[in-house]
2 protein chains.
Amino acid sequence: MSVANYRNQLLLGLSKADRRLLAPSLEPVELELRRSIEKPNTPITHVYFPESGIISVVATAAQQQIEVGLIGREGMSGTAVLLGDHRSPSDVYVQLAGTANRISTKHLTQALEASKTLRERLQRYAYVFMVQIAQTAFANGTAKIDARLARWLLMAHDRQDDDELFLTHEFIAVMLGARRPGVTDALNKLEGKGLITAERGVIRIVRRKGLIALAGGAYGVAEAEYARLLE
Amino acid sequence: MSVANYRNQLLLGLSKADRRLLAPSLEPVELELRRSIEKPNTPITHVYFPESGIISVVATAAQQQIEVGLIGREGMSGTAVLLGDHRSPSDVYVQLAGTANRISTKHLTQALEASKTLRERLQRYAYVFMVQIAQTAFANGTAKIDARLARWLLMAHDRQDDDELFLTHEFIAVMLGARRPGVTDALNKLEGKGLITAERGVIRIVRRKGLIALAGGAYGVAEAEYARLLE
DNA sequence: CGGTTTAGGTCCGATACCGCACACTCAGTG
DNA sequence: CACTGAGTGTGCGGTATCGGACCTAAACCG
């Protein structure tokens, strides 16, 4: 794959030199639905830069699961590696199929050693991801299901080109830490307001502005930080 | 202040050389209750290494406030600076009075440039703090108020020497994003189980194990990461 | 084409938590 | 020593969400 063809914004934002540094180690891979990217407390072997699709970072404990962050073509998995660790307590897997370029933890670590500018840029992303997680904590603590759903749909929508998201209520329920029927209700509510349309397995975003309003303060902060630091 | 006198574990864990690098720039300060450490979207002037007391990182939006992370003598404020930013979208202030050593953002940045080992160690802390925030997201999304309260009390207790926490229900309510009477109820529930005792303005931790059990999976993950990476 | 799987909708009672309001009580202050 | 204010306890109706179950409908498969 030629350098110019990357669609991952983090890779695209690198200097030519930094991109050349990573390019030989990058390996294109398919992101199949549900594919595991990181297992809790297990060494991270590769770090993924999605070209399309979405990767979820999910906290798991006592049979409970809930998404704490999500990664698309704007970012990368494995931020732990950027900060000197080689594992994480979270489960990380593909939530929306797509493609990615991945690099082995070893090669990435070497590249980070070799280039200060690379390190700085990727660490800025790590910071933005931290803000995203903080926003998730905020949303989970203060917002109702429909607002959290709106936030989630917006974040997913930001990470792909068209307006159709291929997801089931079941999966969304896990993401939000809610019951599946609760998600069904919330989706119907959003559809009733004309913000989305939904069919079996497909959700179509219709009015982003309405979704943003409904999400309240839970959406936008991390996105603004990203724009400020990485664009 | 002599090097040996630090009580902040992050400073204590540094190599002698790194401690010498920071020491001349460290300035002892009082952490008065409610003192502001960082304002949202305003340059971070100083980074604080608490010796005692607790600093809260609070996400604010649309008149809603909720704590996403908390910092005591095990850590430092201003993780954004470690990752190349100089502000953060969160409100950061003193939640439990104490003392700290602080360093200007400029001096810290210079020291991070000068010492790779310093940078690596502090960035590992930043990673642990990120895990803590993720746990908050988990707790907020899945746990009931009494479990979240138990988690919060445990985390505060970890960060001081004795068993008495001087807090009002009102402040805890803000931390948890709950109503004040909800906190009163939850505290009474914990007291009924013999896990704590409470008087006006004081909460005394009695049975940590019981609190940990009640907190479910919401407590312990970030603490384990800290032990693994920084002890 | 008929059977099976998977996704979605709906209904039930229970409950945790909310918003709001008000009463009590302890601790300091004039 | 009464007064005041902050901290705490309590009550009440309303509602979001839960846990569990069940039923329909679309898609898939031999």
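Everything discussed here concerns the structure shown above.
None of these values were measured; they are calculated from a predicted model.

Here we come to helix α8 (residues 180-192) of chain A. Within an α-helix, residues lying three or four positions from one another point in the same direction, as the helix has 3.6 residues per turn. All names here are of chain A. Taking 1.5 Å of rise per residue, the 13 residues of α8 would be expected to cover 18 Å, and the 18 Å separating its terminal C-alpha atoms lies within 8% of that figure. Those residues of α8 not exposed but buried are G182, V183, T184, A186, L187 and L190. Against the buried residues of α8 lie α6 (145-158), α7 (169-176), β9 (196-199), β10 (202-205) and α9 (208-215). Positive backbone phi, at 75 degrees, marks G194, one or two positions downstream of α8.

What follows covers the interface of chain B and chain A. Listed as interface residues are 41 residues of chain B and, on the opposing side, 41 residues of chain A. Between chain B and chain A, roughly 3400 Å² of surface is buried when both sides are summed, and carbon and sulfur atoms account for 64% of that area. Seen at the junction of chain B and chain A, the total is 4 salt bridges. At the surface where chain B touches chain A, the tally comes to 9 residue pairs in polar contact (both at pLDDT 80 or more). For the side of chain B that touches chain A, the elements supplying multiple residues, two or more each, are β4 (54-61), β5 (64-71), α3 (79-82), α5 (116-142) and α10 (221-230) of chain B. Among the elements that take part in the side of chain B that touches chain A, α5 of chain B stands out by supplying 18 residues, more than any other. Of the residues in the side of chain B that touches chain A, the class split is 19 nonpolar, 13 polar and 9 charged.

Further remarks concern the protein's contact with DNA strand C. Neighbouring DNA strand C are 15 residues; H169, R180 and R200 of chain A together with I145 and R179 of chain B lie closest to it. When the atoms of DNA strand C within 4 Å of the protein are sorted by group, sugar and phosphate make up 54%. The side chain of R200 of chain A places a nitrogen or oxygen atom 2.6 Å from a base oxygen of DNA strand C. A distance of 2.7 Å separates a base nitrogen of DNA strand C from a polar side-chain atom of R179 of chain B. Per-element accounting of the surface near DNA strand C gives the leading share, 4 residues, to α8 of chain A. Tallied by class, the residues present in the surface near DNA strand C amount to 3 nonpolar, 6 polar and 6 charged.

Residues and elements named next belong to chain A. Going through the model one piece at a time under the given rule, you end up with 2 aromatic pairs over all chains. Aromatic side chains Y125 and F129 sit 6.1 Å apart centroid to centroid with 25 degrees between the ring planes, which places their arrangement in the stacked category. Of this pair, Y125 and F129 both sit in helix α5 (residues 116-142), separated by 4 residues, roughly a single helical turn. Stacked on the ring of F171, the Lys or Arg R34 has its end atom at 3.8 Å from the ring centre.

On the basis of which strands lie adjacent, the open sheet formed by 3 strands has the order β8-β10-β9 (chain A) and antiparallel pairing. The sheet terminates laterally at β8 (164-165) and β9 of chain A, the two strands that pair on one side only.

Moving on to α6 of chain A. Residues and elements named next belong to chain A. Over its 14 residues, α6 runs 20 Å from end to end, which matches the ideal 20 Å to within 8%, given 1.5 Å per residue. With 12 of 14 residues buried, α6 lies mostly within the body of the structure. The complete set of buried residues in α6 reads D146, A147, R148, L149, A150, R151, W152, L153, L154, M155, A156 and H157.

Comparison of the two chain copies shows a relationship of rotation about an axis with a shift along it. Screw-axis analysis of chain B against chain A gives a translation of 0.0 Å along the axis, an RMSD of 0.0 Å, and a rotation angle of 180 degrees. As the rotation angle and translation indicate, the two copies are arranged about a two-fold axis. For chain B, the smallest separation between a C-alpha atom and the rotation axis is recorded for A137 of chain B, amounting to 1.8 Å. The overlap is high: 100% of the interface residues of chain B also sit at the interface in chain A, so the same surface is used on both sides.

Once that is clear, we can look at the environment of V94 of chain B. The residue V94 of chain B is located in strand β6 (residues 91-96) in this model. With residues near it in sequence (within four places) discarded, V94 of chain B still touches L31, E32, L33, R34, R35, I37, I54 and I55 of chain B.

What counts as what
- Residues numbered from 1 in each chain as written.
- Chains lettered and ligands numbered in written order.
- Predicted model: local features only at pLDDT ≥ 70, side-chain atom pairs only at ≥ 80, totals over all residues.
- Heavy atoms only, no water.
- Helix = DSSP H or I, 4+ residues; strand = E, 2+ residues; numbered from the N terminus.
- Expected span 1.5 Å × (residues − 1).
- Buried < 20%, exposed > 50% of the residue type's maximum accessible area, 1.4 Å probe, protein only.
- Contact = heavy atoms within 4.5 Å.
- Buried area = accessible area lost by both parts, 1.4 Å probe.
- Salt bridge = Lys/Arg side-chain N within 4 Å of Asp/Glu carboxyl O.
- Polar contact = N/O pair within 3.5 Å; in protein donor to acceptor, adjacent residues only side chain to side chain.
- Nonpolar A, V, L, I, M, F, W, Y, C, P; charged D, E, K, R; others polar.
- Near = heavy atom within 4 Å.
- Phe/Tyr/Trp six-rings, centres within 6.5 Å; stacked < 30°, edge-to-face > 60°.
- Lys NZ or Arg CZ within 6 Å of the ring centre and 35° of its normal.
- Pairing = 2+ DSSP bridges.
- Least-squares fit on C-alpha atoms with pLDDT ≥ 70 in both.

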